[in-house]
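Next come the chains, spelled out residue by residue.
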Amino acid sequence: MKKRAFPLLLFLLGSLLLAGCGTSPANSSVSTPVPAPVTLNIFAAASLTDSFNAIATKYHQLHPNITIKPVYNGSQALEQQMENGAPADLFASADTTTMQKANKANLVGTAQIFVHNRLVIILPASNPAHISTLKDLANPGVKIDLAAPTVPVGKYARQIIAKLAASPDYGNAYQSAVLANVVSQEENVKAVVQKVQLGEADAGIVYVTDVTPSASSQVTSITIPDQFNVIAEYPIAVVKTSPHNSEAQNFLQYVLSTDGQAILQQYHFVPVKQ
């Protein structure tokens, strides 16, 4: 019995080896397809510069085939560029009005609010006009820099000034006095910050998120009380002519994800998902 068992054992071992050799070439030929490289053009409000740069870096680490190419400016300027045919895959605006204009022009799909922001008064670090309260903005000779009324932050700034003027603590004359002190109107919020940093204006109204670590060494700020402040809503939407619709949708969902919202919060935005 032992002599018969040994040849049988050798036969079984040989069969197993042949089977293994037969399947290995098939297994070695299996490979995972590499996703094609895609560049997404993201048109985003200037106030999103730092936060979206951070999101773009993180997203590229997670999806190496996706390169994010951001374009930052005032929301109204970006919308106009899209109307003129500038290629974009996603549009992130600092207000719903500009997004609604883009929607009416059939430029974008359904928009979603992805973050909120507040405004603040900034002054040069040297504070040459000796401004210490919101009332001082109405003092004769004070040089104020605002974004233009068509720019979301410029619109919000004027809403705040109107709210203050409606309060008995400030009075009706406050609005006209402050607006009379406006010496420059900018195309985007970053230009307002720059003018104040350089001392070309005594005060400016910008987003809280614009008082970045680099800017905070050159400016001081005055908080605007909640009852007078404006909560800015930021919508985002995929551009209808995007040749990368699914990739743009995926990036949009990342911005709305817990990770994306956490990055925005790091830059002092108010997330929609907490």
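It should be emphasised that the depicted structure is a prediction, and the values quoted were computed from it without experimental measurement. (Residues numbered from 1 in each chain as written. Predicted model: local features only at pLDDT ≥ 70, side-chain atom pairs only at ≥ 80, totals over all residues. Heavy atoms only, no water.)

J.: Where do I start with the sheet that holds strand S5 (residues 119-124) in this structure?
T.: Neighbouring strands of a sheet are bound in pairs by backbone hydrogen bonds; such pairs are parallel or else antiparallel. Across the sheet, 5 strands lie side by side as S7-S6-S8-S5-S9; this open sheet has mixed pairing. The sheet terminates laterally at strand S7 (182-186) and strand S9 (219-223), the two strands that pair on one side only. With strand direction ignored, the average angle separating the axes of adjacent strands in the sheet is 35°. Where strand S6 (residues 144-147) meets S7, 4 bridges bridge the pair, whose relative direction is parallel. The residue bridging Ile144 from the neighbouring strand is Val182, located in S7. Sheet strands touched by helix H7 (residues 189-197): S5, S6, S7, strand S8 (203-207) and S9. Its angle to S8, the strand with the most contacts, is close to 145°. (Pairing = 2+ DSSP bridges. Helix = DSSP H or I, 4+ residues; strand = E, 2+ residues; numbered from the N terminus. Axes fitted to C-alpha atoms, helices over the stretch in contact; angles between N-to-C directions. Contact = heavy atoms within 4.5 Å.)

J.: Mind showing me how you'd approach the pattern of salt bridges here?
T.: Pairing is possible between side chains that carry opposite charge, provided their charged atoms lie close to one another. A complete count under the given rule lists 4 salt bridges for this structure. A salt bridge links Asp210 to Lys190, with the nearest nitrogen and oxygen atoms 3.0 Å apart. Highlighted residues: Asp210 in the loop between S8 and helix H8 (213-216) and Lys190 in helix H7, separated in sequence by 20 residues. (Salt bridge = Lys/Arg side-chain N within 4 Å of Asp/Glu carboxyl O.)

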